[in-house]
Amino acid sequence: QVHLVESGGGSVSAGESLRLSCAASGVNFGLFDMGWFRQAPGKDREVVARMFWTGGTDYADAVKGRFTISRDSAKNTVALEMNALKPEDTAVYYCAARPRFGAQFDYWGPGTQVTVSS
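J.: Is there a simple way to think about the pairing of strand E9 (residues 91-99) in this case?
T.: Two faces, one strand: in a regular strand the side chains alternate between the faces of the sheet. By the criterion of burial, E9 is predominantly enclosed, with seven of the nine residues buried. With eight bridges joining them, strand E4 (residues 32-39) and E9 adopt antiparallel strand pairing. Opposite glycine 35, over in E9, you have alanine 96 as the bridge partner. Across three bridges, the pairing between E9 and strand E11 (residues 112-117) is antiparallel. Counterpart to alanine 91 in the pairing with E11 is valine 114. Relative to strand E10 (residues 107-108), E9 runs antiparallel, the two sharing two bridges. In the sheet register, alanine 97 faces E10, and the bridge partner there is tyrosine 107.

Have a look at this one:
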């Protein structure tokens, strides 16, 4: 059974950094794609970064060059390193998983709040 739990959110000032972590039980990274998504107040949820079962990654244009997704197979965790944070990065951040070749992300964590003040 897949279970995802995020941690590491908080409140920071613009320009600072945060590292989010997702504890992913029941997930074999060789068989699952992992993703970080976010939802700001009044907006739709959007993809931030994805790491595929192959190890490949992609990023939303808004975070390219500032955010990095990584995984640790020994600890079964997925991280999102966020640098040079901007107020527009303020959102609830979610970790998600989908089986490889799957059409959509089926498994979601409860989310963690990130607030960036100017």
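J.: Help me understand the state of the cysteines, please; the structure alone is not making it clear to me.
T.: Note on terminology: disulfide describes a covalent bond linking the sulfur atoms of two cysteines. Considering all chains together, one arrives at one disulfide under this definition. Between the sulfur atoms of cysteine 22 and its disulfide partner cysteine 95 the distance amounts to 2.1 Å. As the torsion about the S-S bond is roughly -75°, the cysteine 22-cysteine 95 disulfide counts as left-handed. Residue cysteine 22 is found in strand E3 (residues 18-25), and its partner cysteine 95 is found in strand E9; the two are separated by 73 residues along the sequence.

J.: Explain the sheet that holds strand E1 (residues 3-7) here, please?
T.: Two pairing modes exist for strands in a sheet, parallel and antiparallel, and in both the strands are linked by backbone hydrogen bonds. As summarised here, the arrangement of the four strands in space is E1-E3-E8-E7, forming an open sheet in which the pairing is antiparallel. This sheet does not close on itself; its edge strands, each paired only once, are E1 and strand E7 (67-72). For this sheet the average axis-to-axis angle between neighbouring strands, irrespective of direction, equals 15°. In terms of strand pairing, E7 meets strand E8 (residues 77-82) through six bridges, oriented antiparallel. Within the sheet, the bridge partner assigned to phenylalanine 67 lies in E8 and is methionine 82.

J.: Can you help me understand the pattern of salt bridges in this one?
T.: Two side chains carrying opposite charge are able to pair once their charged atoms lie near each other. What the rule picks out here adds up to seven salt bridges. Glutamate 46 is paired through a salt bridge with arginine 38; the nearest N and O atoms lie 2.7 Å apart. With relative accessibility at 7%, the residue arginine 38 sits in the buried group. Three or more residues joined by partner-sharing salt bridges are found here, namely Arg38, Glu46, Arg66 and Asp89.

J.: I would appreciate a short explanation of the packing of aromatic side chains in the present structure.
T.: Aromatic ring pairs are defined here through the distance separating the ring centres and the angle between the ring planes. Taken as a whole and assessed by the stated rule, the structure comprises five aromatic pairs. Here phenylalanine 37 and phenylalanine 105 contribute two aromatic rings whose centre-to-centre distance is 5.1 Å and whose plane-to-plane angle is 70°, an arrangement assigned as edge-to-face. With phenylalanine 37 in strand E4 and phenylalanine 105 in the loop between E9 and E10, this residue pair connects regions lying 68 residues apart in the sequence. Its relative accessible area of 10% is what places phenylalanine 37 among the buried residues. Residue class for phenylalanine 105 comes out buried when judged on its relative accessible area of 12%.

Cut-offs and rules
Residues numbered from 1 in each chain as written. Predicted model: local features only at pLDDT ≥ 70, side-chain atom pairs only at ≥ 80, totals over all residues. Heavy atoms only, no water. Buried < 20%, exposed > 50% of the residue type's maximum accessible area, 1.4 Å probe, protein only. Helix = DSSP H or I, 4+ residues; strand = E, 2+ residues; numbered from the N terminus. Pairing = 2+ DSSP bridges. Disulfide = S-S within 2.5 Å. Axes fitted to C-alpha atoms, helices over the stretch in contact; angles between N-to-C directions. Salt bridge = Lys/Arg side-chain N within 4 Å of Asp/Glu carboxyl O. Phe/Tyr/Trp six-rings, centres within 6.5 Å; stacked < 30°, edge-to-face > 60°.

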